[in-house]
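Structural overview
What follows is the residue order along each chain.
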Amino acid sequence: MALDLFNDYTMTIDGKAETAAATIEAHNPATEAVIAHVPDASREQLDAAVASAKAAFPAWAARPVEERQALVAKIGEVMQEHAEELSRLLTLEQGKAKAGADWEIGGSIAWCGGIATQSLPVRIIEEDEHRTVEMRHVPVGVVGAITPWNFPILLAIWKIAPALVAGNTMVLKPSPYTPLCTLKIGEMLRGVLPDGVLNVVSGGNDLGAWMTGHPDIAKISFTGSTETGKKVMQSASSNLKGITLELGGNDPAIVLPDVDPKQMAKELFWAAFQNSAQFCCAAKRLYIHDDIYDELRDELVEYARTVKMGDGSQQGVQLGPIQNKMQFEKVKDLLADAKANGYEAVLGGEVPEGAGYFVPVTIYDNPPEDARVVKEEAFGPVLPLMRFTDIEDVIARANDTDMGLAASVWSSDWTKAKAIGERIEAGVIWINEIHTFSPFASFGGHKQSGIGVTNAHEGLAEFTNLQTINTRKEPAVTIA
Ligand code: NAD
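Procedures and definitions
The numbering scheme is per chain: residues are counted from 1 as the chain's sequence reads. Two thresholds apply to this predicted model, a pLDDT of at least 70 for residue-level local features and 80 or more for giving and counting side-chain atom pairs, whereas whole-chain, interface and lining totals are computed over all residues. Side-chain numbers come from the whole structure's heavy atoms, not from hydrogens or water. UniProt positions are given in the numbering used here, feature names are shortened, and annotations may be inferred rather than shown by experiment. Where helices and strands are cited, they refer to DSSP runs of H or I of at least four residues and of E of at least two residues respectively, numbered from the N terminus. Cavity and pocket criteria rest on a 1 Å grid covering protein atoms alone: a 1.4 Å probe that fits but cannot get out defines a cavity, protein on both sides within 12 Å along at least 5 of 7 lines defines an open pocket, and an atom within 4 Å of a point defines a lining residue. Grid points are joined across faces, edges and corners, and a volume is the space filled by probe spheres set on the points. Three classes are used, and their members are as follows: Ala, Val, Leu, Ile, Met, Phe, Trp, Tyr, Cys and Pro are nonpolar, Asp, Glu, Lys and Arg are charged, and the others, Gly among them, are polar. In these notes, residues near a molecule or strand are those with any non-hydrogen atom within 4 Å of it. Under the rule applied, a polar contact is a pair of N or O atoms within 3.5 Å (in protein, one hydrogen donor and one hydrogen acceptor; residues adjacent in sequence only if both atoms are side-chain atoms). Molecule-in-pocket calls rest on the fraction of atoms, with more than half required to lie within 2 Å of the cavity or pocket grid points. Side-chain rings of Phe, Tyr and Trp, where Trp is taken by its six-membered ring, are said to pair if the distance between their centres is within 6.5 Å; with planes under 30 degrees apart they count as stacked, over 60 as edge-to-face, and otherwise as tilted. Relative accessibility under 20% of the residue-type maximum defines a buried residue, over 50% an exposed one, and the middle range a partly exposed one, all with a 1.4 Å probe and only protein chains included.

The subject of this paragraph is the UniProt feature "active site" (unreviewed entry) in the chain. Under the present numbering, the feature "active site" (unreviewed entry) in UniProt falls on Glu246. Mapped onto the fold, Glu246 is located in strand S11 (residues 242-246).

Here is the structure:
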């Protein structure tokens, strides 16, 4: 039977469809209309999913890595068959514009192919005629994967692909705000992957907490807020689970005086506002040299006025709404605080009445460094522009945060920019570009932006334990 992406959302447990006694509503953030009901998993259903993943683990781990790689590549191929509908469903549930949805689906497919070429070789530490010492990576067992609502598909694939290639099985839980695409990916992989290798469960935050405390889950791979990340770390201590945490950011972008403001405005706009700034590594604080500050501010505002915000499914729309009401209220609160403190919005600042969680593009003109709109991750289309004159001062301001996810430096002299970038305390640095990612380059935050990395061999290794095998190449001495 052909797969219907727009109806009948079921969980995937042990390769089979599962409904639940309770359901949760999914909304279209552009209209606030209820678009689907999805299962709200019970604790027993989570136990069943974990038991299925645990039962599937030995056979999956024992398969040659080439077979696991081939099946991960196949995940990408199956997604490709449904790419157009997946993109439409992503816009419907997440709100993002079509170009952004296509980018996310295309990126996810490419990721499966890229990760499917990776493996972790055995390292021979010592070898002679008497003994060998080798280090190898072994899978951890059942991985619990928990994802957020901003890039629900891509961030799920960033977990599924390496975890499975490394030989683990998985229980995956999407955000309760964006469960639809993830549930459908689970459905389309039934019969493609062996039963139990990938279980997909849906539910609220409680379900996430049950997972992090579950005794048969060996590792949690979590992407979400720093606040929740701390709870995950605490709860994972119950059975000393491994954790990888990809958390929030408050990324600085530093613009040196030698760039052409007119040419830079468009790129810097998208650096900050892509995905309506619901982007962990969006440029969230824009430090502009005083020499070009006024001109670049004006160019940014002029370009921003040409960008169309609306229902992502409509032609020509470039920016969608905030994904959910909770986040909408948070961003509005930030705008209210800025207003109460008299910070000047050169664009936006007021949220119009009407259906949908729309926050207009808002740009603040040089608010103080301790303003909430500078200190906090807005996770919405709100950008503070700040003046600087001295490089040492701007580096100190860029680093004056608990966050350390990413940063960018922009200049016509890339060596100079790179030298500044190397002094920023963050896991990813971009020089004269932004938001370029690769399955072969690590992505992960410093400070309170995370623990561990995703992607690259180091990301793959996070889904394994190291095992050292010491072998004496002589008969074992038996004691008479
Ligand atoms: P969130 O922390 O509210 O939720 C993330 C996930 O955790 C959801 O699936 C949620 O149901 C689950 N959850 C909630 N409470 C839980 C608990 N107590 N135990 C276990 N799981 C629980 O985050 P969000 O609002 O969905 O996402 C936005 C945040 O994610 C932003 O801070 C953003 O910067 C961050 N983010 C980081 C990255 C990255 O790679 N570093 C990528 C995307 C988003």
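Let us keep going from here.
By volume, the largest pocket amounts to about 1,300 Å³. In this structure, the largest pocket is lined by 50 residues; those nearest its centre are Gly224, Ser225, Thr226, Glu227 and Thr228. Elements with a minimum of two residues in the lining of the largest pocket: helix H7 (205-212), strand S10 (219-223), helix H8 (226-236), helix H11 (325-340) and helix H12 (372-375). Ranked by residues supplied to the lining of the largest pocket, first place goes to H8 with seven residues. In terms of residue class, the lining of the largest pocket is made up of 18 nonpolar, 18 polar and 14 charged.

The subject of this paragraph is the site of the ligand. Inspection of the region around the ligand gives 30 residues, with Asn205, Ser225, Thr228, Leu247 and Glu377 positioned closest. With respect to the ligand, the backbone of Ala209 contributes an N or O atom lying 3.4 Å from a nitrogen atom. Contacts to the ligand include Glu377, whose side-chain N or O atom sits 2.5 Å from an oxygen atom. Here the ligand occupies the largest pocket. Of all the secondary-structure elements, those providing two or more residues to the shell around the ligand are H7, S10 and H8.

What follows deals with the packing of aromatic side chains. Tallying each qualifying case throughout the model produces 13 aromatic pairs. Ring plane angle 25° and centroid distance 5.2 Å describe the contact between Trp111 and Trp158, whose orientation is recorded as stacked. Of this pair, Trp111 sits in helix H4 (residues 98-115) while Trp158 sits in helix H5 (residues 152-165), and the two are 47 residues apart along the sequence. Here Trp111 matches Trp158 in class, with each residue buried.

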